[in-house]
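# Structure assessment
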Amino acid sequence: AQSVSQHNHHVILSEAASLELGCNYSYGGTVNLFWYVQYPGQHLQLLLKYFSGDPLVKGIKGFEAEFIKSKFSFNLRKPSVQWSDTAEYFCAVNDMASSASKIIFGSGTRLSIRP
Amino acid sequence: DAGITQSPRHKVTETGTPVTLRCHQTENHRYMYWYRQDPGHGLRLIHYSYGVKDTDKGEVSDGYSVSRSKTEDFLLTLESATSSQTSVYFCATVNREGGTEAFFGQGTRLTVV
């Protein structure tokens, strides 16, 4: 079955530190990939997405992610984090072969930024 | 934000009672989903719909049923609520097959006592 793994459950950084959150997926076919962010008490919002083309994808708020097909990975990065980036981050995969367009989520990574 | 409304936003219910959560969208999106969010588990798919009266089970469907009688509404029913169903429930929609991201409602916090 298709699955998404986020190995970092809780990451604590100081402001201005660089961020990389790992995401690996199990499905070998064509997929769409997403990173969502959930600020405290809010619903999920899209940070960025990869459908095809340039494997380096730029999203909102200075985030980017790199799709490495050979590693089944889609890691999220930000060169310099801010206190306002404190949130939970979810990687997700949409199976392009599925007629139902199911989106499967990872278990999430909680990011805490020390001021 | 996409026009996705969940109701109620908060609910406390007793074990053994049926509960229905409603998701209403104004975007005319074909695909709709119910997820539950629990600490350490991320979002897990309960049921989804790929059209009116077309639904299927997700990974954690036991104890839940759904109905979709029209494009804009997707109902999730807990047939006999249990404490293990205490969670935050999110509805999501996708505009077209495989090609776009999901848009989420604000969530429903359900507590079963």
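Residues numbered from 1 in each chain as written. Chains lettered and ligands numbered in written order. Predicted model: local features only at pLDDT ≥ 70, side-chain atom pairs only at ≥ 80, totals over all residues. Heavy atoms only, no water.

## Quick word on the environment of Arg30(B)
All names here are of chain B. How we decide: Secondary structure elements follow DSSP: runs of H or I no shorter than four residues count as helices, runs of E no shorter than two count as strands, and numbering proceeds from the N terminus. Exposure classes here rest on a 1.4 Å probe applied to the protein chains alone. A residue is buried below 20% of its type maximum, exposed above 50%, and partly exposed in between. In protein, a polar contact requires one atom able to donate a hydrogen and another able to accept it; more generally it is a pair of N or O atoms within 3.5 Å, and residues adjacent in sequence count only if both atoms are side-chain atoms.
Position of Arg 30 among the secondary structure elements: in the loop between β3 (19-25) and β4 (31-38). On the basis of relative accessible area, Arg 30 is assigned to the partly exposed category, the value being 43%. Residues Arg 30 and Val 94 lie 64 residues apart in sequence; the distance between their C-alpha atoms is 6.8 Å. Within the structure, Arg 30 has its side chain in polar contact with the backbone oxygen of Tyr 50 (distance 2.7 Å).

## What about the packing of aromatic side chains?
Which entries qualify depends on this criterion: What counts as a ring pair is set by centres within 6.5 Å for rings of Phe, Tyr and Trp (its six-membered ring), and what kind of pair is set by the plane angle: stacked under 30 degrees, edge-to-face over 60, tilted for all other angles.
In this structure the tally under the stated criterion is 16 aromatic pairs over all chains. Relative to Phe104(B), the ring of Tyr35(B) has its centre 6.1 Å away and its plane inclined at 45°; by these criteria the two rings are tilted. Of this pair, Tyr35(B) sits in strand β4 while Phe104(B) sits in strand β10 (residues 102-104), and the two are 69 residues apart along the sequence. There is no split in this pair, since Tyr35(B) and Phe104(B) are both buried. Relative to Phe104(B), the ring of Phe90(B) lies with its centre 6.4 Å away and its plane at 85°, an arrangement referred to as edge-to-face. Of the two residues, Phe90(B) is situated in strand β9 (residues 87-94) and Phe104(B) in strand β10; the sequence distance between them amounts to 14 residues. For the pair Phe90(B) and Phe104(B), a shared accessibility class is recorded, and that class is buried. The structure contains a cluster of three or more aromatic residues connected by ring pairs, namely Phe34(A), Tyr36(A), Phe51(A), Phe105(A), Tyr33(B), Tyr35(B), Tyr48(B), Tyr50(B), Phe90(B) and Phe104(B).

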